[in-house]
Amino acid sequence: MSITARLRADLVCGLGLLTRLPTGWLAHDGLPYSMTRSIWCWPLIGAGVNALVALAYGAGLRLGLAPLPAAGWCVAGLLLLCGGLHEDGLADMADGCGGGRDRARKLEIMRDSRVGSYGVMALVVALLVRITALAAMKGPAALLALPVAGALARAAMAGVLWRLPPARRDGLASTMDHLPRAARVACLGLAVAMAAIVLPAPRALTACAVALLASVVMYCLARWQLGGQTGDVLGATAVVTECAVLTALC
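Conventions used here
Residues numbered from 1 in each chain as written. Predicted model: local features only at pLDDT ≥ 70, side-chain atom pairs only at ≥ 80, totals over all residues. Heavy atoms only, no water. Axes fitted to C-alpha atoms, helices over the stretch in contact; angles between N-to-C directions. Helix = DSSP H or I, 4+ residues; strand = E, 2+ residues; numbered from the N terminus. Parallel < 35°, antiparallel > 145°, perpendicular 65-115°, else oblique. Left-handed = near helix turned anticlockwise from the far one by under 90°. Contact = heavy atoms within 4.5 Å. Nonpolar A, V, L, I, M, F, W, Y, C, P; charged D, E, K, R; others polar. Phe/Tyr/Trp six-rings, centres within 6.5 Å; stacked < 30°, edge-to-face > 60°. Lys NZ or Arg CZ within 6 Å of the ring centre and 35° of its normal. Patch = residues over 30% accessible without salt bridge, like charges linked within 9 Å, V, L, I, M, F, W, Y side chains within 5 Å. Areas by Shrake-Rupley, 256 points an atom, 1.4 Å probe, with all protein chains shown as cover. Salt bridge = Lys/Arg side-chain N within 4 Å of Asp/Glu carboxyl O. Buried < 20%, exposed > 50% of the residue type's maximum accessible area, 1.4 Å probe, protein only.

## Re the packing of helix α6 (residues 117-136) against helix α10 (residues 231-249)
Put simply, α6 and α10 touch, their axes get as near as 9 Å, and they point 30 degrees apart. Relative to α10, the element α6 lies roughly parallel. Here the hand of the crossing between α6 and α10 comes out left-handed. Touching Ala 126, Val 129, Arg 130, Ala 133 and Leu 134 of α6 are Val 239, Glu 242, Cys 243, Leu 246 and Thr 247, all from α10. Residue classes in the contact of α6 with α10 are distributed as 7 nonpolar, 1 polar and 2 charged.

See the structure below:
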């Protein structure tokens, strides 16, 4: 199978996993699909989605919107493009870790589709942080910060997925415990390269350091509370890392 076909298959997997964007125009029955191999393109997808909403944010400012409502609509667009997948993970993890007394109960709560008080609080804080951080930036700064935050957030997901074993034996994340080394290196390299290319050196270093710190915090929290990772843990990691990077850059 050609390299082009493999890259195309990885892109289909990544887009299907991380966004609600249609992938039918890319999909093909003969493509060698591999969810684990697709992690290399996660930072590209995160950067691309955030770049789209960054353009919408810039357009809103150009049309005369105040920074705060423009940032609010920008984050709304991000939720629409990604289907709130990562936010759903954040809410589930917050409910599980906040309401369960032991690991089994925490994981059981995380499976419940209902959102509890801990989940609501986590979502409100995450939305407020992103909106206010964007509004605090000047237009050009936000346009650059958003793609970088998106790339680093998805790389943080891959890092937690790589370092933590599955917390349960079923679920999508449990099938992705063996990540190809080349895909891991490419994932990290693309995220760091995105920051280095788009941002001045001091800000790029700050963004990468904050993303690393956020991923380590989520790794430690998931290991302590759940004994491993789940899809909800990965989604929560993406949201927390994105909030941290935007806060550091605002």
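## Some thoughts on the packing of aromatic side chains
Aromatic ring pairs are defined here through the distance separating the ring centres and the angle between the ring planes. One pass over the structure, following the stated rule, counts 0 aromatic pairs. Over the aromatic face of Trp 162 sits the side chain of Arg 163, whose NZ or CZ is 4.8 Å from the ring centroid.

## So, a nonpolar patch on the surface
On the surface, a nonpolar cluster with roughly 320 Å² of combined accessible area is contributed by Val 115, Val 120, Val 124 and Leu 128. Here Val 120 is to be found in helix α6. A relative accessible area of 42% means that Val 120 is categorised as partly exposed.

## Regarding the side chain of Asn 50
As for its position among the elements, Asn 50 is in helix α2 (residues 42-62). Its relative accessible area of 0% is what places Asn 50 among the buried residues. Ignoring anything within four residues of it in the chain, the contact list for Asn 50 reads Leu 78, Leu 146, Pro 147, Ala 149, Gly 150, Arg 154 and Glu 242.

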